[in-house]
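What follows is each chain in one-letter form.
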Amino acid sequence: MQMFPDEITIPGTSVRVQPDATIWMDDAAVPIEAKGTRTAAQFQKTQLAREYLALMTGPREHKLLLVIMDSPPPVRIQSAGRVGLLEGVATGLEELCAAAALSAPEVEHLIEAIPETVCWITWQEIRTVVADATATYPCNDVSLAGTLRRLAEGVTGAVDWHSGLK
């Protein structure tokens, strides 16, 4: 996992993207776009489309774009208002594909693959999963249990602080 990874250039263009984090494996890539917990947070017009296209034109076989948000979709897209997440990914995708000189069948494939490639979770759901897992994880090693508890408290505390709960 890499936080604030190097920029990725979409092949055939000078368009660059930088996800907030990326999970890399030999045959898989998961760029992560994390939106802050402010109510007015919005995505740039083609932000999600750029990250999606960079992912889909990359070399890895298994691909997933994970979007972490304050609340479930719809999302706010600059110049497009509130739209569904999948529609937000499609916003500007065709113009980016044209810049990358992709064929009409390639563009159609990309549009069709959005629902199986893009997913979302909220910060509160992450907090709940981490807190629940910590409370129920069986661990007889006192040192390891303490480390896991401290890591979980760091995650839940950070979500609480950024959400204004602390």
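Structural data are supplied above this passage.
In this report, we go over the structure that sits alongside the text.

Criteria and thresholds
- Residues numbered from 1 in each chain as written.
- Predicted model: local features only at pLDDT ≥ 70, side-chain atom pairs only at ≥ 80, totals over all residues.
- Heavy atoms only, no water.
- Helix = DSSP H or I, 4+ residues; strand = E, 2+ residues; numbered from the N terminus.
- Buried < 20%, exposed > 50% of the residue type's maximum accessible area, 1.4 Å probe, protein only.
- Contact = heavy atoms within 4.5 Å.
- Areas by Shrake-Rupley, 256 points an atom, 1.4 Å probe, with all protein chains shown as cover.
- Core = buried A, V, L, I, M, F, W, Y, C linked by side-chain atoms within 4.5 Å.
- Salt bridge = Lys/Arg side-chain N within 4 Å of Asp/Glu carboxyl O.
- Axes fitted to C-alpha atoms, helices over the stretch in contact; angles between N-to-C directions.
- Parallel < 35°, antiparallel > 145°, perpendicular 65-115°, else oblique.

### Points about the overall build of the protein
Moving on, step 1. From N to C terminus, the protein includes six helices and ten strands.
Moving on, step 2. In terms of its C-alpha atoms, the protein occupies a principal-axis envelope of roughly 55 × 35 × 25 Å.
Moving on, step 3. Counting all 166 residues of the protein, 36% fall into the buried class.
Moving on, step 4. Taking all contacts inside the protein whose residues are at least 6 apart in sequence as the whole, residues at least 24 apart take part in 62%.
Moving on, step 5. Element-wise, carbon and sulfur atoms account for 55% of the exposed surface of the protein, whose accessible area totals about 9600 Å².

### A look at the nonpolar core
Moving on, step 1. Counting residues in hydrophobic clusters, the biggest one holds 28 residues, and the most contacted among them are Tyr52 and Leu93.
Moving on, step 2. Of all the secondary structure elements, the ones that give two or more residues to this core are helix H1 (47-56), strand E7 (65-69), strand E8 (75-77), helix H2 (85-90), helix H3 (93-99) and helix H4 (104-117).
Moving on, step 3. Considering every element that reaches this core, the biggest residue donor is H1, with seven residues.
Moving on, step 4. Filtering out sequence-adjacent residues up to four positions away, Tyr52 remains in contact with Leu65, Val89, Leu93, Leu110, Ala113, Ile114, Thr117 and Val118.

### So, the pattern of salt bridges
Moving on, step 1. On inspection of all chains with the given rule, the structure shows three salt bridges.
Moving on, step 2. In this structure, Glu7 engages Arg16 in a salt bridge whose closest nitrogen and oxygen atoms are separated by 3.6 Å.
Moving on, step 3. Overall, Arg16 belongs to the exposed group, its relative accessible area being 51%.
Moving on, step 4. Across the salt bridge formed by Asp160 and Arg127, the nearest N and O atoms sit 2.6 Å from each other. One end of the pair, Asp160, is in helix H6 (residues 142-163); the other, Arg127, is in helix H5 (residues 123-136), and 33 residues separate them in sequence.

### Some words on the packing of H1 against H4
Moving on, step 1. Direction vectors running N to C along H1 and H4 enclose 95°, while the axes themselves pass 12 Å from each other. One element, H1, and the other, H4, form an angle in the roughly perpendicular class. Residues Tyr52, Leu53, Leu55 and Met56 of H1 pack against Leu110, Ala113, Ile114 and Thr117 of H4.

Shape descriptors only; they carry no functional weight alone.
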